[in-house]
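# Breakdown of the fold
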Amino acid sequence: MNSVTQVDELVKEYLLFRGFSNTFRVFEQECRNDKDKGFQADKIIEELFSYITSSDIDGLLDYWKYLDLRYFSRLDARFFESVKKFEICLIRYYLVYATQQKRKDKILEFFETFGAELNGNPEWLKWFGLPFSKNPASDPNFETFFTRQWLETFTISLHNFLNTIFQNMSLPSLLCFNLDRLHRKTLRSEIESLRIEIENLKKEKANGDTEITSLKQKVAQHEMTGYPRRRSTASSINKHEIDNGIKSPEMFADDQSMTPISEYDIDDSHGHIHPFTVTSQEMFLENTSGITVAKISHQGNLIASSDVDNIIRIWSYAGSSSPTVKLSNSNSNILSLEWEARSDKLLLYGTDEQLIKVYNKESRSIIHEFKMDEQFPKVNQISCSPVESLFACSGSPKSIDDMCNRSETGSLITLNLKTMTIQDTFMLKASSKSPSSLPLMPIETIKFNHNGQMLVTGDKSGYIRIFDIRTLTPIMEWNISNSSKIGSGVICSSQFSFDENSIYVVDESGELSQWSSRKPGSVMSQSQLQGFPPAMPITSTNLTPKLSRKRTPSMSSIRSIKSTRSTSSIPAIIESTPYVPTSRVPMIAFNDDTEYLVCVGDNGGTQGVIYQTSNGEQVQTLKSHRQYLTAVDWSENTIITAAMDGTVRVSRMSKKHYCIL
């Protein structure tokens, strides 16, 4: 339904083009009086609440009757009870609001008008006493309905109910063009993945044919010349090894038909079936120093990678002819990156000097700079709404000492990309205490839900908070340290599950936990991600493996450059002390349906590992880098892993589908 406004404008443009001016005026008038509000749930709720605030019960019931006839009556019969409950809650809120505004006349008028109809209904019996209650807000019969939590729960539930209806409506052909475009794009991507898979299978078949031919030649040679006698020196072969079927090195030396074990690629030492088919794993070197953050665009065509020299490069890995974009940021450190969720047009990045910069790829320029509060200059995290021109970010002080000396320890801010203004601000108060009696730490992770109406945050104090995005107030919060078995409580990832009934949390000790989003503080499962986090790398130069200097002609020349984060000279191909990551937040990414997550894991921290969220088990590994990984990201069928030597590996995959016979 996001295309309705766009299609309306196209229709107006067409009518003017054809000269249908009368039709244009009528259409424009009807658009202004549109009771459907462009199928926007928040606008419909706003209209309903406007009747409540103006004490217009007739207008409220008439508008609800319109919605009932237009949408609700067409639903399956099993939803009728839910519709009735929403209507009852809406009328109760009308009475609650009138009570709060001391409009007793409106309450009495309501019962005079509808009393006979409601009399005998068990849902309304106790409400006849509302006009005579001295303090309804503390009356056990009514106090629940006067709480902010009840109103927020009702509003969110109604909003989600309307959104679900709109998302499942049959659309006219005119509105299907965007869905058809996305469907065609998905099909093209699948066709390309299958084509690559076919090519890989052809290569495997050709290699197999070559190996079979070679073996046939060896067999023919042995038949003509006889098998060579194997040496049987007692001193060189251990009897225990022979009895247990183990060949010694001497036995391998004489058996020319044996292949050394090291030449075989053991895909999964745990014996798991890989859930993904990897169609390609390519290595790129666009940056010239260690990667700090790397993000795939939401349409999956571009990658933005920031390095320790505070240079962002925007580049394509899919064979596009568009040149690499280089953004230098010499006056501050880049801490966070995020693509605008609805296109590949805008890239946002946050610094440690109060600024969030908005880069427009089409105009190739910075189009706006948001400035944070000077108390919280470090922009640790940015997350964009999936449905609106809106993003959220977290701010923190320069140092722990600054945090201890303030009444507020961090901020969460929402900003509007249409008006380029700050929308709402939430402050973490130092007076709030964590379980360890330490002040609350700044927010480290931010994620929106699927319709952009809520977001979940996690901080280093172990607190999870779910916010209503319209008011930026916490709906619920809890601390994972209270239920953690082995975890550190320092959160480095928090994410809504696909069905949004739970929150997945990963802490810095590698504990993966699943928490109910309906019952705050109720843990549903806990498991340990084996191999995460890996030990921090040894930075001695004599122990640091070096990358080959061989590159493709498109890569920039390798040169030693001075890092603004370090006093040491850090070359593009690591030959001295490399960048050592200080945060594990960029090292974790979930896939779209949250069935799997990828982390920096095995092989000394040089390898991406895919885990299953239901049990925390490793199910697949990706190709290693030569240096320690510093960031990962996952978008649709593409995973990127980035390392401290500036390399980025792009792994393109397709999910396997199994048929149970």
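Rules used in this analysis
Residues numbered from 1 in each chain as written. Predicted model: local features only at pLDDT ≥ 70, side-chain atom pairs only at ≥ 80, totals over all residues. Heavy atoms only, no water. Helix = DSSP H or I, 4+ residues; strand = E, 2+ residues; numbered from the N terminus. Buried < 20%, exposed > 50% of the residue type's maximum accessible area, 1.4 Å probe, protein only. Contact = heavy atoms within 4.5 Å. Areas by Shrake-Rupley, 256 points an atom, 1.4 Å probe, with all protein chains shown as cover. Phe/Tyr/Trp six-rings, centres within 6.5 Å; stacked < 30°, edge-to-face > 60°. Core = buried A, V, L, I, M, F, W, Y, C linked by side-chain atoms within 4.5 Å. Axes fitted to C-alpha atoms, helices over the stretch in contact; angles between N-to-C directions. Nonpolar A, V, L, I, M, F, W, Y, C, P; charged D, E, K, R; others polar. pLDDT = per-residue confidence, 0-100. Salt bridge = Lys/Arg side-chain N within 4 Å of Asp/Glu carboxyl O. Polar contact = N/O pair within 3.5 Å; in protein donor to acceptor, adjacent residues only side chain to side chain. Patch = residues over 30% accessible without salt bridge, like charges linked within 9 Å, V, L, I, M, F, W, Y side chains within 5 Å. Pairing = 2+ DSSP bridges. Parallel < 35°, antiparallel > 145°, perpendicular 65-115°, else oblique. Left-handed = near helix turned anticlockwise from the far one by under 90°.

Moving on: the overall build of the protein. Broken down by element type, the protein carries 12 helices and 30 strands. The proportion of buried residues among the 661 residues of the protein is 46%. Of the contacts formed within the protein by residues at least 6 apart in sequence, a portion of 52% connects residues at least 24 apart. Looking at the protein as shown, the accessible area adds up to about 34,700 Å², and 50% of this sits on carbon and sulfur atoms.

Once that is clear, we can look at the packing of aromatic side chains. The full count for this structure, using the stated rule, is 28 aromatic pairs. When the centroid spacing of 5.1 Å and the interplanar angle of 65 degrees are considered together, the rings of tryptophan 127 and phenylalanine 142 count as edge-to-face. Residue tryptophan 127 is found in the loop between helix H6 (104-118) and helix H7 (148-167), and its partner phenylalanine 142 is found in the loop between H6 and H7; the two are separated by 15 residues along the sequence. For tryptophan 127, a relative accessible area of 0% gives the class buried.

Moving on to the nonpolar core. Note on soluble globular proteins: their nonpolar side chains tend to be buried together. Within the largest apolar cluster, 48 residues are counted, with the highest numbers of intra-cluster contacts made by Leu48, Trp64, Phe72, Leu95 and Trp127. Elements supplying a minimum of two residues to this core: helix H1 (4-18), helix H3 (41-53), helix H4 (57-70), helix H5 (80-100), H6 and H7. In terms of residue count, the dominant contributor to this core is H5 (12 residues). In this structure, tryptophan 64 is in contact with Leu48, Phe72, Val83, Phe86, Glu87, Leu90 and Leu158, ignoring residues within four places of it in sequence. Core analysis: the next-biggest nonpolar cluster, separate from the first, contains 30 residues, Phe276, Tyr504, Val619 and Met644 among them.

Moving on: the packing of H5 against H6. Running from N to C, H5 and H6 point in directions that differ by 150 degrees, and their axes come no closer than 8 Å. Residues Ile91, Tyr94, Leu95, Ala98 and Thr99 of H5 form the contact with H6, whose participating residues are Lys106, Ile107, Phe110 and Phe111. Residue composition of the contact of H5 with H6, grouped by class: 7 nonpolar, 1 polar and 1 charged.

Per-residue pLDDT for the protein has a mean of 80; in total, 80% of the residues score no lower than 70. The low-confidence segment residues 432-437, where pLDDT is below 50, has 14 contacts with residues more than four positions distant or belonging to other chains.

Glancing now at the pattern of salt bridges. Counted under the stated rule, the structure contains 23 salt bridges. For lysine 85, the salt bridge goes to glutamate 81, with nearest N and O atoms at 3.7 Å. Of the two residues, lysine 85 and glutamate 81 are both situated in helix H5; the distance of 4 residues between them amounts to about one turn of the helix. A relative accessible area of 47% places lysine 85 in the partly exposed class. The exposure class of glutamate 81 is exposed, given its relative accessible area of 55%. The shortest N-O distance in the salt bridge between glutamate 340 and arginine 342 comes to 3.5 Å. For glutamate 340, a relative accessible area of 6% puts it in the buried group. For arginine 342, a relative accessible area of 42% gives the class partly exposed. Sharing partners across several salt bridges, the network here consists of Asp352, Glu353 and Lys398.

What follows is about the environment of serine 527. Within the element layout of this structure, serine 527 appears in strand S21 (residues 523-528). The exposure class assigned to serine 527 is buried, which follows from its relative accessible area of 16%. For the pair formed by serine 527 and serine 614, sequence separation is 87 residues and the distance between their alpha carbons is 8.8 Å. Those residues within four positions of serine 527 in sequence are excluded, and the remaining contacts are Gly510, Glu511, Leu512, Asn615 and Gly616. A polar contact of 3.4 Å, which involves the side chain of serine 527, links it to the backbone oxygen of asparagine 615.

A surface patch of nonpolar side chains, amounting to about 360 Å² of accessible area, comprises Tyr14, Phe17 and Phe20. Among the structural elements, tyrosine 14 can be located in helix H1. Residue tyrosine 14 is classed as partly exposed on the basis of its relative accessible area, which comes to 44%.

An order of S10-S11-S12-S13 is seen for the 4 strands of this open sheet, with the pairing classed as antiparallel. What marks the edges here is a single partner per strand, and that holds for strand S10 (378-384) and strand S13 (421-429). Neighbouring strand axes in the sheet, compared pairwise and without regard to direction, differ in orientation by 20 degrees on average. Where strand S12 (residues 408-416) meets S13, 8 bridges bridge the pair, whose relative direction is antiparallel. Along S13, the bridge assignment pairs glycine 410 with leucine 428.

As a further point, take the sheet that holds S21. Taking strand neighbours across the sheet as the criterion, the 4 strands line up as S18-S19-S20-S21 in an open arrangement whose pairing is antiparallel. Single-partner strands in this sheet number two, and they are strand S18 (491-496) and S21. Averaged over all neighbouring strand pairs, the angle between strand axes comes to 15 degrees, with direction disregarded.

The description of two packed helices rests on the angle between their axes and on the distance between the axes. Relative orientation of the contacting elements H4 and H5 amounts to 165 degrees, with a least axis distance of 11 Å. Here H4 lies roughly antiparallel to H5, going by the angle between them. Crossing of H4 against H5: the hand is right-handed. Together, Ile57, Leu60, Leu61, Trp64 and Asp68 of H4 and Val83, Phe86, Glu87, Leu90, Ile91 and Tyr94 of H5 make up the contact between the two elements. Class assignment for the residues of the contact of H4 with H5 results in 9 nonpolar, no polar and 2 charged.

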